[in-house]
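Commentary on secondary and tertiary structure
One letter stands for each residue in the lines below.
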Amino acid sequence: MSDKIPEGNRSARERLAQQREREKGREKRRRTLIVASAVVGVLALAAVVGLIAANAGKDDGGDTASGPAVAPSGAIGEDALTLPVGAADAPSTLTIWEDFRCPVCAQFETAFKDTITELAEDGQVKVEYHLATIIDGNLGGTGSLRAANAAACAQDAGKFAAYHDVLFANQPPEPDDAYGKNSRLIELAGEVEGLDTPGFRSCVEDGEHDSWVKKSDTAFREGGFQGTPTVLLNGESVFPSKGGEQISPENLKKWVAEANKGKKPGTATPSAPADASSAPADPSSAPAS
């Protein structure tokens with residue numbers, strides 16, 4: 001009896017084996033796509049960062065703000081270019097560079113706002129925001145500058161974080177320079193309780209912090225960053241990935257926990273900036289809290 005497999009059976013088995021290999025390949029690709037889709041949606045737009053970075057050195061094309069740089073109340077760091085949120089003595093620092101016209105920044109905020117707020121409120125991180133205006137330079141207009149100035153005006157009122165979130169939640173399409181209109185920025189202030197005041201309106205209309213915003217943008221351009229958003233945990237880039245792992249809310253919490261191992265959470269939350277008109281003339285006369 002011959003031990004040879006009939007040619008017809010061999011061909012059928014070979015075709016079946018090939019089909020199985022093809023199915024395995026399709027299943028592997030399917031799993032890869034599922035994993036990729038599970039990563040926070042912000043990464044789907046990460047390529048835009050490269051497009052932004054490619055033009056980050058261009059002249060911004062806008063009007064050059066004149067006069068001295070007037071830092072908003074409570075700004076800290078070198079040249080007072082940092083807007084802090086959270087406990088000043090938190091064991092880790094999350095540094096975020098953003099442009100209010102940047103669509104990737106808006107998607108990052110949508111995906112990570114709750115996580116960052118939780119980490120800051122728990123005293124795990126202090127968040128240091130920096131503002132840039134690169135979209136104005138890339139696409140024209142003044143929306144990045146105007147929105148950043150308005151955010152600095154909100155900082156004067158102690159309401160930066162809330163207004164920051166409102167600006168990203170209502171961000172217009174990237175080519176639309178809607179934030180170039182002070183009226184729109186003032187309108188959005190109505191979504192933050194107590195922000196739409198004569199003082200805020202005057203600050204926005206007068207461009208009180210325009211020179212400060214320009215100075216912040218210069219620091220961004222000279223800092224060697226690749227685009228917005230730039231996100232650093234204790235000075236190490238974590239967007240769009242860290243150590244071969246893509247950023248996600250879960251991974252960000254894990255990285256912070258690893259950085260904070262053995263350290264106590266912060267408790268010294270900065271006081272909200274006081275309005276100059278309501279602040280005591282003599283600090284010693286302020287009532288004890």
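Residues numbered from 1 in each chain as written. Predicted model: local features only at pLDDT ≥ 70, side-chain atom pairs only at ≥ 80, totals over all residues. Heavy atoms only, no water.

Considering the environment of Ser-237
To be explicit about the condition: Strands are runs of DSSP state E lasting at least 2 residues, helices are runs of H or I lasting at least 4, and numbering of each runs from the N terminus. We define a polar contact as two N or O atoms separated by no more than 3.5 Å, with the added condition that, inside protein, one atom must be a possible hydrogen donor and the other a possible acceptor, whereas residues neighbouring each other in sequence contribute only through side-chain atom pairs.
Note that Ser-237 resides in strand 5 (residues 236–237). Between the C-alpha atom of Ser-237 and that of Ile-96, which follows or precedes it by 141 residues, the distance is 10.0 Å. Here the side chain of Ser-237 touches Phe-239 through a polar contact of 3.4 Å, landing on its backbone oxygen.

Describing the nonpolar core
Test applied: Note on terminology: a nonpolar core comprises buried Ala, Val, Leu, Ile, Met, Phe, Trp, Tyr and Cys residues joined through side-chain atoms within 4.5 Å. Any residue under 20% of the maximum accessible area for its type is buried, any over 50% is exposed, and the rest in between are partly exposed; the area is computed with a 1.4 Å probe on protein chains only. Two residues qualify as a contact provided that any one of their heavy atoms is within 4.5 Å of a heavy atom in the partner residue.
Counting 54 residues, the largest nonpolar core has Ile-96, Phe-108, Ile-116, Tyr-163, Leu-167, Phe-200 and Leu-252 as the members making the most contacts within it. The contacts of Tyr-163, once residues within four sequence positions are left out, are Ala-150, Ala-151, Ala-154, Leu-185, Leu-188, Ala-189, Val-192, Leu-195 and Phe-200.

Some thoughts on the packing of helix 5 (residues 143–156) against helix 9 (residues 210–222)
We count it as follows: Only the stretch in contact is used when a helix axis is fitted, and all axes are lines through C-alpha atoms; the angle between N-to-C directions ranges over 0 to 180 degrees. What sets the label is the angle itself: under 35 degrees gives roughly parallel, over 145 gives roughly antiparallel, 65 to 115 gives roughly perpendicular, and the rest give oblique. Left-handed describes a crossing whose near helix is turned anticlockwise from the far helix through less than a right angle; right-handed describes the clockwise counterpart.
The contact between helix 5 and helix 9 brings their axes to 9 Å, and the two run at 110°. Compared by their axis directions, helix 5 and helix 9 come out roughly perpendicular. Relative to helix 9, helix 5 is oriented so that their crossing is right-handed. Contacts from Leu-145, Arg-146, Ala-148, Asn-149 and Ala-152 of helix 5 reach helix 9 at Asp-210, Trp-212, Val-213 and Lys-214.

A few points about the side chain of Asp-156
Here is the rule we go by: A residue counts as positive if it is Lys or Arg and as negative if it is Asp or Glu; His and the chain ends are not included. A pairing counts as a salt bridge when a side-chain nitrogen of Lys or Arg comes within 4 Å of a carboxyl oxygen of Asp or Glu.
Structurally, Asp-156 is set in helix 5. Despite its burial, Asp-156 remains without a salt bridge, the nearest opposite charge being carried by Arg-146 at 12 Å. Only 2.7 Å separates the side chain of Asp-156 from the backbone nitrogen of Ser-73, close enough to count as a polar contact.

A short note on unusual backbone geometry
Between Thr-228 and Pro-229 the backbone carries a cis peptide bond, its omega angle lying at 0°. Counting through the fold element by element, Pro-229 comes out in the loop between helix 9 and strand 4 (230–233). The peptide bond linking Phe-239 to Pro-240 adopts the cis configuration, its omega dihedral lying at 5°. Assignment of secondary structure puts Pro-240 in the loop between strand 5 and strand 6 (241–242). The phi dihedral of Asp-79 is positive, around 60°, even though this residue is not glycine. Following the sequence through the fold, Asp-79 ends up in the loop between helix 2 (46–54) and strand 1 (83–85). Even without being a glycine, Ala-80 presents a positive backbone phi close to 50°. Residue placement: Ala-80 occurs in the loop between helix 2 and strand 1.

Read these as geometric descriptors, not functional statements.
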